[in-house]
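Listed here are the chains, written in short residue letters.
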Amino acid sequence: MKEKYVAYVGTYTHGSSIGIHLYDVNVEEGTLCERKVIPVNNSSHLAKSLNGKYLYSIADEGVAVFAIEPDGDLTFINKVDIDGMRGCHLSTDEEGKYLFVAGYHDGKVTVVHTHRDGRLGSVLDGVFHKGLGSVGERNFRPHVSCVRPTPDNKYLCAVDNGIDQMKIYRVNRRTGRLELVDILRCQRESGPKLIKFSPDGRFAYLNYELNNTIQVYRYDGSGKNPVFELLQTESTLASHDDEAHDATSGMCLSADGKYIFCSNAGEDTVAMFKREEETGLLEKQCILPISGNYPKDLDVFPDGKHLAVVNHESNSITTFAIDYEKKLLIMKGKPMKVETPNSIIFSKCEA
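- Looking at an unreviewed UniProt entry, one finds the protein named Lactonase family protein and attributed to Blautia hansenii.
- Under the UniProt heading Sequence similarities (unreviewed entry), the entry covering the protein gives this text: "Belongs to the cycloisomerase 2 family."

1. Regarding the side chain of His21
Alright, step 1. Relative to the elements of secondary structure, His21 occurs in strand β2 (residues 19-26).
Alright, step 2. Residue His21 is classed as buried on the basis of its relative accessible area, which comes to 7%.
Alright, step 3. Only 3.0 Å separates the side chain of His21 from the side chain of Ser17, close enough to count as a polar contact.
Alright, step 4. In this view, His21 contacts Ala7, Tyr8, Val9, Thr11, Glu34, Lys36, Val37 and Val338; residues no more than four positions away in its chain are not counted.

2. Here's the deal with the sheet that holds strand β8 (residues 89-92)
Alright, step 1. In space, the four strands of this open sheet follow the order β8-β9-β10-β11, with antiparallel pairing throughout. Lying at the two open borders of the sheet, with one neighbouring strand each, are β8 and β11 (120-128). Each strand axis lies, on average, 20° off the axis of its neighbour in the sheet, ignoring direction.
Alright, step 2. Taken together, the six bridges between strand β9 (residues 98-103) and strand β10 (residues 108-114) define a ladder with antiparallel strand orientation. Residue pairing across strands places Tyr98 opposite His113, the latter belonging to β10.

3. Describing the environment of Thr92
Alright, step 1. Assignment of secondary structure puts Thr92 in strand β8.
Alright, step 2. With relative accessibility at 12%, the residue Thr92 sits in the buried group.
Alright, step 3. Taking C-alpha positions, Thr92 is 9.2 Å from Thr114, a pair spaced 22 residues apart along the chain.

4. Quick notes on the sheet that holds strand β29 (residues 341-348)
Alright, step 1. Strand order across the open sheet formed by four strands is β3-β2-β1-β29, with antiparallel pairing between neighbours. Here the strands that pair on one side only, and so sit at the sheet edges, are β3 (31-39) and β29. Strand-to-strand twist in this sheet, taken as the mean axis angle between neighbours without regard to direction, amounts to 25°.
Alright, step 2. Bridge count between strand β1 (residues 5-11) and β2: five bridges; the pairing is antiparallel. Counterpart to Val6 in the pairing with β2 is Asp24.

5. Section: the packing of aromatic side chains
Each aromatic ring pair is described using two quantities: the centre-to-centre distance and the angle formed by the ring planes.
Alright, step 1. This model, assessed by the stated rule, comprises eight aromatic pairs.
Alright, step 2. Where Phe197 meets Tyr219, the ring centres are 5.8 Å apart and the plane angle is 75°; that geometry is what we call edge-to-face. Of the two residues, Phe197 sits in strand β16 (residues 192-197) while Tyr219 sits in strand β18 (residues 213-220), which places them 22 residues apart along the sequence.
Alright, step 3. You can call Phe197 buried: its relative accessible area is 11%.
Alright, step 4. Taking the centre distance of 4.3 Å and the plane angle of 35° together, the rings of Tyr259 and Tyr324 count as tilted. Placement of the pair is Tyr259 in strand β21 (residues 259-265) and Tyr324 in the loop between β26 (316-323) and β27 (328-331), with a sequence separation of 65 residues.
Alright, step 5. By relative accessible area, which is 22% here, Tyr324 ends up partly exposed.
Alright, step 6. An aromatic cluster is present here, built from Phe197, Tyr217, Tyr219 and Phe228 joined pairwise through their rings.

6. Some details on the pairing of strand β5 (residues 54-59)
Each regular strand carries side chains that alternate between the two faces of the sheet.
Alright, step 1. The buried count for β5 comes to six of six residues, which makes it a mostly enclosed element.
Alright, step 2. Of the two faces of β5, the one lined by Tyr54, Tyr56 and Ile58 and the one lined by Leu55, Ser57 and Ala59 are each fully buried.
Alright, step 3. Both strand β4 (residues 46-48) and β5 contribute to a ladder of three bridges, which runs antiparallel. Residue pairing in the sheet places Ala47 in a bridge with Tyr56 of β5.
Alright, step 4. Hairpin connection from β4 to β5: five residues lie between these consecutive antiparallel strands, with Gly52 at a positive phi of about 75°.
Alright, step 5. Sheet topology note: the β5/strand β6 (residues 62-68) ladder contains six bridges and is antiparallel. By the bridge assignment, Ile58 is partnered in β6 with Val63.

7. Comments concerning unusual backbone geometry
Alright, step 1. Although it is not a glycine, Glu189 adopts a positive phi angle of roughly 60°.
Alright, step 2. Positive phi outside glycine occurs at Ser291, with the angle close to 55°.
Alright, step 3. Following the sequence through the fold, Ser291 ends up in the loop between β23 (282-289) and β24 (295-300).

8. Brief notes about the state of the cysteines
Alright, step 1. Summed over all chains, the structure comprises zero disulfides.
Alright, step 2. Free of any disulfide, Cys186 has its nearest cysteine sulfur in Cys157, 11 Å distant.
Alright, step 3. Taking relative accessible area as the criterion, Cys186 reaches 12% and is therefore assigned buried.

Cut-offs applied
Residues numbered from 1 in each chain as written. Predicted model: local features only at pLDDT ≥ 70, side-chain atom pairs only at ≥ 80, totals over all residues. Heavy atoms only, no water. UniProt positions renumbered as here; feature names shortened; annotations may be inferred. Helix = DSSP H or I, 4+ residues; strand = E, 2+ residues; numbered from the N terminus. Buried < 20%, exposed > 50% of the residue type's maximum accessible area, 1.4 Å probe, protein only. Polar contact = N/O pair within 3.5 Å; in protein donor to acceptor, adjacent residues only side chain to side chain. Contact = heavy atoms within 4.5 Å. Pairing = 2+ DSSP bridges. Axes fitted to C-alpha atoms, helices over the stretch in contact; angles between N-to-C directions. Phe/Tyr/Trp six-rings, centres within 6.5 Å; stacked < 30°, edge-to-face > 60°. Disulfide = S-S within 2.5 Å.

Put into structure tokens, the structure is as follows:
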């Protein structure tokens, strides 16, 4: 019996879209078929719980949580206010106790308690970043663009796109409050955007929106303080002719961890890198157009053979077959229309 999957696509809702678009996934063909839309105001980012039972979504009201039904449908559980402006990125800790929220607009990291029955509880802590950025268009102030725990669950990484830093916190397990441990200072005007970790937890990958690069770090959390050692810097762009109008945006790893993909807005391309598992280093395979405008997010299909890209400005999703041997992305059918998509995540069905 074939395994069944769905895809959830979070969207902005200032136009005709009303929330999370639910798609049935044809894994073999690398295509999506829309089933329904679940209303959520400005569902700009989605994250699944570690046990796969719940889907969290950014919302105007704060954060919403849904139960994932056996067929992939969503049942609303509750929403909580995060005592700040609308967030932009979500993640959960490795024990399923906390939901972390990144605040781009107010430069805030928020910790929300998660109950065992899926309900979101109270806000346990909220820390506003301080500091001065160097880019006028970003108002010279903090913009937290990503929050993600380290794989050993010892620290929380908060990437700040506005002040070119990644702040590293320890979560007090008794109170749920954040304690600043260290700061990774990035190149000025680089605009760090997202951090992802290798499946074995030994390497971290950080992409940069303003200088259009991806960096490889060796991560070691075994000592008293976390260590991030820079190993490599690679450009994500095919051309450097108009870098001022390009912005590295999304980033994902294939399920087996052997490849990393980055999307580039402006240039409207996807870069594919092969990842050396022992050293963590990247080898560029291709950088190809995605037949859409402003690719905000992307994800590899569960079979590892196809790629889906959500294109914010062209109101579309484009899917591709990945030819790893020939280093190519081959488009599958026409772009699918969906207004202002911003986030995509695949999920396995139980039924």
